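What follows is the residue order along each chain.
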Amino acid sequence: MIQPHWRLEQLETFITEEQIQQRVAELGAQISEDYRGKDLLLVAILKGSVVFLADLMRHITIPHSVDFMATSSYGAATRSAGIVRILKDLDIPILDRNVLIVEDIVDTGHTLNYLRRMLLSREPASLRVVTLLDKRARREVDVPLDYVGFEVPNAFVIGYGLDYAEFYRNLPYIAIPKEGFFDEPPEE
Ligand code: IMP
């Protein structure tokens, strides 16, 4: 088994673990208040949102259920056309349910825009979005965000579920790689 090098010294912490935990608690409290007395289904988008989901759902103090979807974008050309491949669909119907999409980061907005349109066609009672990070400067398609954790600049960020080449998802904070980080592949 090849062990990737962490190269943590080449990462700059952008959002600390404490800042994330505080903001996730606030989001959980707000969502609990907004959906009180309603049926709530969290739809998490794999894999990036699993860490956020795990923390967020423990701060949601009303009954709710969870389901997962997995997507993958095609190549650059079809991506800008907003076509997203569904690798895993929901296990359950969402007709008349209050659905809250849980995203890690909204970048160009194509993934979320496609998912929203697809889920809306299934006629949920409501459809909202919570995203931990909003990379607004990169947006190519306008997509409504109901709950946002933090805005991030136009940089590649990793940690707290977000990966580089499938690694670094387990960092408890959000980091921006420093110059030179991408010069070497993650494995050696
Ligand atoms: P969009 O369709 O361009 O909005 O892309 C959203 C998806 O791209 C996210 O759910 C992430 O999986 C991935 N992504 C976008 N920006 C980053 C980043 O800075 N780090 C890690 N993954 C990212």
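Up top is the structure.
Presented here is an overview of the structure given in this document. Values in this document were obtained by computation on a predicted structure and should not be read as measured data. (Residues numbered from 1 in each chain as written. Predicted model: local features only at pLDDT ≥ 70, side-chain atom pairs only at ≥ 80, totals over all residues. Heavy atoms only, no water.)

1. Topic: the layout of surface pockets
Line of reasoning, step 1. Empty space within the largest pocket amounts to approximately 710 Å³.
Line of reasoning, step 2. In this structure, the largest pocket is lined by 29 residues; those nearest its centre are D104, I105, T111, L162 and D163.
Line of reasoning, step 3. Those elements that place two or more of their residues in the lining of the largest pocket are strand 2 (41-46), strand 3 (65-73), strand 5 (98-106) and helix 4 (110-120).
Line of reasoning, step 4. The biggest single contributor to the lining of the largest pocket is strand 5, with four residues. (1 Å grid on protein atoms, 1.4 Å probe; cavity = no way out; pocket = protein on both sides within 12 Å on 5 of 7 lines; lining within 4 Å. Points joined across faces, edges and corners; volume = space filled by probe spheres on them. Helix = DSSP H or I, 4+ residues; strand = E, 2+ residues; numbered from the N terminus.)

2. What to know about the nonpolar core
Line of reasoning, step 1. I31, F52, L56, V130, L133 and I174 are the most contacted members of the largest nonpolar core, which totals 28 residues.
Line of reasoning, step 2. Broken down by secondary-structure element, the contributors of at least two residues to this core are helix 1 (17-34), strand 2, helix 2 (50-58), strand 5, strand 6 (126-134), strand 7 (147-151) and strand 8 (174-177).
Line of reasoning, step 3. At four residues, helix 1 tops the list of elements feeding residues into this core.
Line of reasoning, step 4. With near-sequence residues (within four places) excluded, V130 lies in contact with L27, I31, F52, L56, L100, I101, V102, E103 and Y147.
Line of reasoning, step 5. By size, the runner-up hydrophobic cluster in this structure holds 16 residues, among which are L112, L119, L127 and V129. (Core = buried A, V, L, I, M, F, W, Y, C linked by side-chain atoms within 4.5 Å. Buried < 20%, exposed > 50% of the residue type's maximum accessible area, 1.4 Å probe, protein only. Contact = heavy atoms within 4.5 Å.)

3. Some words on the side chain of R169
Line of reasoning, step 1. Its place among the elements puts R169 in the loop between strand 7 and strand 8.
Line of reasoning, step 2. For R169, a relative accessible area of 17% gives the class buried.

4. Structural notes on the packing of aromatic side chains
Line of reasoning, step 1. Applying the stated criterion to the full structure yields seven aromatic pairs.
Line of reasoning, step 2. Considering the side-chain rings of F181 and F182, the 5.1 Å spacing of their centres and the 90° angle between planes classify their relative orientation as edge-to-face.
Line of reasoning, step 3. Taking the relative accessible area as the measure of exposure, F182 reaches 40% and is therefore partly exposed.
Line of reasoning, step 4. Here a set of aromatic residues connected by ring pairs shows up, and it is made of W6, F156, Y164, Y168, F181 and F182.
Line of reasoning, step 5. Across from the ring centre of F181, 4.6 Å away, lies the NZ or CZ of R7, which sits over that ring. (Phe/Tyr/Trp six-rings, centres within 6.5 Å; stacked < 30°, edge-to-face > 60°. Lys NZ or Arg CZ within 6 Å of the ring centre and 35° of its normal.)

Function cannot be read off these values alone, since they describe shape.
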